[in-house]
Amino acid sequence: MRLSLKDNRGVILILAYLIITVLLTFSVVFINRTVNEKNIALRQRNSAMAFYLAEAGLDRGLAWLRERSSPPGGINVINPFGAAPQSLGDGTYFVSIDPDDNNGANDLKRYRITSTGTFGDTSKTLVNEAQTEAFSHYAWFTDSEDTQPDGSEPAWFVGGDVMEGPMHTNEHFHIKG
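This text gives an overview of the structure that appears in the document. In this text the structure is predicted, and so the values were computed from the model without any measurement.

### Observations concerning the overall build of the protein chain
A count of helical and extended segments in the protein chain gives 1 helix and 8 strands. Its C-alpha atoms give the protein chain a radius of gyration of 34 Å, clearly above 16 Å, the size a compact globule of 177 residues would have. Referenced to the eigenvectors of the C-alpha coordinate spread, the extents of the protein chain come out at roughly 120 × 50 × 25 Å. Counting every position in the protein chain, which comprises 177 residues, the buried fraction comes to 19%. Taking the intrachain contacts of the protein chain between residues at least 6 apart in sequence as the baseline, contacts between residues at least 24 apart amount to 46%. Element-wise, carbon and sulfur atoms account for 56% of the exposed surface of the protein chain, whose accessible area totals about 13400 Å². If you average the places of the 15 positive and of the 21 negative side-chain charges in the protein chain, the two averages end up 28 Å apart.

Now the structure itself:
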């Protein structure tokens, strides 16, 4: 029995259509996967940038509290940079500082700093608790290291001096021996 090409007419056309269909399917899957990966990477970038913006807002809010000559009073929420979000690069952040309700009765003031960073259509919110520092936990705390009020004679730590605990000065420690 002999096969001739005349008996197989159309088989090559069907086989070509089948191969083209498989190749098109692979191409569509590859393109769809590439687009999805790009969208995932974009969302991750936006999320990271929003996080960094919120973190920058926390840093600025904490710096704002530290720059005050005395801790802010009251219990009302403070917007230290105004009611509008602050721009930074291609994003924004908004900071609010909420004084603790018991601040009026306490020497150590507590604050909740909330910062929301927004980049593109993604927002992240971070919260930080801050408290004023007490001088009482220092073993030695001075503004200047002088034995005379006019600052003419510095105070020296000499061999055998013992301080047990944290120390702070706004000037210099003079250590000898």
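### Digging into the packing of aromatic side chains
Within a pair of aromatic rings, the relevant descriptors are the distance that separates the centres and the angle that separates the planes. Counting across every chain of the model gives 1 aromatic pair. Ring geometry for Phe 51 and Tyr 52: centres 5.8 Å apart, planes at 70°, overall edge-to-face. One cation-aromatic arrangement involves Arg 60 over Phe 81; the distance from NZ or CZ to the ring centre is 3.9 Å. Directly above the aromatic system of Trp 64 lies the positively charged group of Arg 68, at a separation of 4.2 Å from the ring centroid.

### Let's talk about the sheet that holds strand 1 (residues 86–88)
In spatial order, the strands read 1-2-3-4; together these 4 strands make up an open sheet with antiparallel pairing. Looking along the sheet, the strands with just one partner apiece sit at the ends: strand 1 and strand 4 (122–131). Strand-to-strand twist of the sheet, defined as the mean angle between neighbouring strand axes without regard to direction, takes the value 25°. In the sheet, strand 3 (residues 110–119) pairs with strand 4 via 10 bridges, with the strands oriented antiparallel. Note on strand 4: the bridge partner recorded for Thr 116 is Thr 125. Here helix 1 (residues 11–67) sits on the sheet and contacts strand 1, strand 2 (91–99), strand 3 and strand 4; the angle it forms with strand 3, its principal contact strand, is near 145°.

What counts and how
Residues numbered from 1 in each chain as written. Predicted model: local features only at pLDDT ≥ 70, side-chain atom pairs only at ≥ 80, totals over all residues. Heavy atoms only, no water. Helix = DSSP H or I, 4+ residues; strand = E, 2+ residues; numbered from the N terminus. Rg over C-alpha atoms; globule rule 2.2 N^0.38 Å. Buried < 20%, exposed > 50% of the residue type's maximum accessible area, 1.4 Å probe, protein only. Contact = heavy atoms within 4.5 Å. Areas by Shrake-Rupley, 256 points an atom, 1.4 Å probe, with all protein chains shown as cover. Lys, Arg positive; Asp, Glu negative; His and termini not counted. Charge placed at Lys NZ, Arg CZ, Asp CG, Glu CD. Phe/Tyr/Trp six-rings, centres within 6.5 Å; stacked < 30°, edge-to-face > 60°. Lys NZ or Arg CZ within 6 Å of the ring centre and 35° of its normal. Pairing = 2+ DSSP bridges. Axes fitted to C-alpha atoms, helices over the stretch in contact; angles between N-to-C directions.

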